[in-house]
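Observations on the three-dimensional arrangement
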Amino acid sequence: MPSFRRRPRTGKSGSTRPESPAPLTDEAVVDLRDPLPPGNLEWGLPTLCPRCEAWGYIDRLDLVQRVMQLHCPTCLFRWEISEAQIEGAKAARGGTESADPGA
């Protein structure tokens, strides 16, 4: 039967993990809790609920048919939107930027 003894503490913080060689910087930190600006439609990002206009959650991305299925945590409404619909809405708003960032 294995023994369940504690490992000796190492490092300054008292954890058993070794200290990292380089300190972490907060240059690459992205706070996902920050809301997106209204009307920001991008493929693969949540959209506003068509009923209550709260932010939806993505349930499924269909990469073959290019369709996102979403639901609203506020009113429990479910909807789907295609990449073509998103591009059409962007073109109607005057945002003619391409979906391919390399194009």
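This write-up is about the structure you can find in this document. (Residues numbered from 1 in each chain as written. Predicted model: local features only at pLDDT ≥ 70, side-chain atom pairs only at ≥ 80, totals over all residues. Heavy atoms only, no water.)

Quick word on the environment of Ala89
Let me state the cut-off plainly: Numbering of helices and strands starts at the N terminus; helices are DSSP runs of H or I of at least 4 residues and strands are runs of E of at least 2. Whether a residue is buried, partly exposed or exposed follows from its accessible area with a 1.4 Å probe, protein chains only, as a fraction of its type maximum: under 20%, in between, or over 50%, in that order.
Tracing the backbone through its elements, the reader meets Ala89 in helix H1 (residues 83–93). A residue is classified by how much of its surface remains accessible, and Ala89, at 28% relative accessible area, is partly exposed. Counting along the chain gives 48 residues from Ala89 to Leu41, while the straight-line C-alpha distance between them is 8.1 Å.

Quick notes on the side chain of Ser82
Applicable threshold: For this analysis, residues touch if any pair of their heavy atoms sits within 4.5 Å.
Among the secondary structure elements, Ser82 is positioned in strand E3 (residues 78–82). Overall, the relative accessible area of 18% leaves Ser82 in the buried class. Residues in contact with Ser82, not counting those within four places in the same chain, are Trp43, Arg66 and Val67.

A few points about the nonpolar core
Short version of the rule: Put simply, a nonpolar core is a bunch of buried Ala, Val, Leu, Ile, Met, Phe, Trp, Tyr and Cys residues held in one set by side-chain atoms that sit within 4.5 Å of each other.
If you look at the biggest cluster of nonpolar residues, it comprises 8 residues: Leu41, Cys49, Met68, Leu70, Cys72, Trp79, Ile81 and Ile86. Breaking this core down by element, the ones donating at least two residues are strand E2 (67–71) and E3. Ignoring any residue separated from it by four or fewer positions in sequence, one finds Cys49 in contact with Ala54, Cys72, Cys75, Phe77 and Trp79.

Quick look at the environment of Gln65
As for its position among the elements, Gln65 is in the loop between strand E1 (57–62) and E2. Residue classification places Gln65 among the exposed residues on the basis of a relative accessible area of 61%. As for Gln65 and Ser82, which are separated by 17 residues in sequence, their C-alpha atoms are 8.0 Å apart.

Structural notes on the sheet that holds E3
Sheets are built from strands that pair by backbone hydrogen bonding, the pairs being arranged parallel or antiparallel. For clarity, the threshold we go by: At least two DSSP bridges between two strands are required for those strands to pair. Interaxial angle, 0 to 180 degrees, is taken between N-to-C directions of lines fitted to C-alpha atoms, where a helix line uses only the stretch in contact.
Overall, antiparallel pairing links the 3 strands, which are arranged E1-E2-E3 in an open sheet. Of all the strands in the sheet, just E1 and E3 have a single pairing partner and so form its edges. Averaged over all pairs of adjacent strands, the angle between strand axes in this sheet comes to 20°, irrespective of strand direction. With 5 bridges joining them, E2 and E3 adopt antiparallel strand pairing. Counted as the bridge partner of Leu70 is Trp79 from E3.

Regarding the pattern of salt bridges
Let me state the cut-off plainly: A side-chain nitrogen of Lys or Arg and a carboxyl oxygen of Asp or Glu constitute a salt bridge if their distance falls within 4 Å.
Per the counting criterion, the structure on display carries 5 salt bridges. A salt bridge links Lys90 to Glu42; the nearest nitrogen and oxygen atoms lie 3.4 Å apart. Of the two residues, Lys90 sits in helix H1 while Glu42 sits in the segment before E1, which places them 48 residues apart along the sequence. Take Lys90: its relative accessible area is 2%, and that puts it in the buried class. Connected through shared salt-bridge partners, Glu42, Glu87 and Lys90 make up one network.

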